[in-house]
Amino acid sequence: VLVDTLIKAKSASAALMTEMVLALDCEGTALSRTGRLCLVQIASRKKAYLFDVIAIGGELFTAGGIGPLLESETIVKVVHDCRQDSDALYWQFNVKLANVFDTQVAYTAWRLVVAGTVS
């Protein structure tokens, strides 16, 4: 579902707040604290949402409800290598990701236990 207005963002974030686990990914130009965050993708088991940060702006993370969702300690956010996503969210929109399961970190830990190496 494309979310490109504040009204759609409020509705989507309210629906997502009822979930226990979400998948998360961010896209942008040179994604980092100095790059540009353009798209936030959040999916539940039932539905995937594409939040257009360019169209909605910073209000997406406040009035749109996405900030509290991403900062929720009760909802697990599954991400692959969240370093750049987290950097952009924090420095551009003051959003502090919480309760993250990073699949890259999990894979590295698994490799260390199983193979005794991370390379």
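Computed from a predicted structure; not experimentally measured.

Enquirer: Explain the pattern of salt bridges to me, and be specific about the residues and the numbers.
Expert: On inspection of all chains with the given rule, the structure shows three salt bridges. The closest approach of N and O atoms between aspartate 4 and lysine 8, which form a salt bridge, is 3.0 Å. By relative accessible area, which is 40% here, lysine 8 ends up partly exposed. Between arginine 83 and aspartate 81 there is a salt bridge; the shortest N-O distance is 2.7 Å. Residue arginine 83 is classed as exposed on the basis of its relative accessible area of 58%.

Enquirer: Help me get a handle on the side chain of aspartate 102, residues and values and all.
Expert: Looking at the secondary structure, you find aspartate 102 in strand 6 (residues 100-102). In this structure aspartate 102 is buried but unpaired, with arginine 83 as the nearest side chain of opposite charge at 6.3 Å. Within the structure, the side chain of aspartate 102 is placed 2.9 Å from the backbone nitrogen of cysteine 82, a separation counted as a polar contact. Ignoring any residue separated from it by four or fewer positions in sequence, one finds aspartate 102 in contact with Val79, His80, Asp81 and Cys82.

Enquirer: With reference to specific residues and values, describe the nonpolar core.
Expert: Within the largest apolar cluster, 27 residues are counted, with the highest numbers of intra-cluster contacts made by Val40, Ile42, Phe51, Phe61 and Leu70. Ignoring sequence-local partners within four residues, the contact set of phenylalanine 61 consists of Leu37, Val40, Val53, Ile66, Gly67, Pro68, Leu70, Leu89, Phe93 and Val95.

Enquirer: Which residues make up helix 4 (residues 83-93), and what values do they have?
Expert: Taken residue by residue, helix 4 has Asp85, Asp87, Ala88 and Leu89 as its buried positions. Buried positions along helix 4 lie against strand 2 (21-29), strand 3 (36-43), helix 3 (66-71) and strand 5 (76-79). Among the residues trailing helix 4, asparagine 94 stands out with phi positive, at a value near 55°.

Enquirer: Requested: an account of the sheet that holds strand 4 (residues 48-52), with residues and values cited.
Expert: Paired through their backbone hydrogen bonds, the strands of a sheet run either parallel or antiparallel. The six strands are arranged 1-4-3-2-5-6 in an open sheet whose pairing can be described as mixed. The open sheet has two free edges, formed respectively by strand 1 (2-3) and strand 6, since each of these has just one partner strand. As paired elements, strand 1 and strand 4 share two bridges and run parallel to each other. Opposite valine 3, over in strand 4, you have phenylalanine 51 as the bridge partner. Sheet strands touched by helix 4: strand 2, strand 3 and strand 5. Its angle to strand 3, the strand with the most contacts, is close to 120°. Each of strand 5 and strand 6 is contacted by helix 5 (residues 103-115), which is oriented at about 55° to strand 6, the strand it contacts most.

What counts and how
Residues numbered from 1 in each chain as written. Predicted model: local features only at pLDDT ≥ 70, side-chain atom pairs only at ≥ 80, totals over all residues. Heavy atoms only, no water. Salt bridge = Lys/Arg side-chain N within 4 Å of Asp/Glu carboxyl O. Buried < 20%, exposed > 50% of the residue type's maximum accessible area, 1.4 Å probe, protein only. Helix = DSSP H or I, 4+ residues; strand = E, 2+ residues; numbered from the N terminus. Lys, Arg positive; Asp, Glu negative; His and termini not counted. Polar contact = N/O pair within 3.5 Å; in protein donor to acceptor, adjacent residues only side chain to side chain. Contact = heavy atoms within 4.5 Å. Core = buried A, V, L, I, M, F, W, Y, C linked by side-chain atoms within 4.5 Å. Pairing = 2+ DSSP bridges. Axes fitted to C-alpha atoms, helices over the stretch in contact; angles between N-to-C directions.

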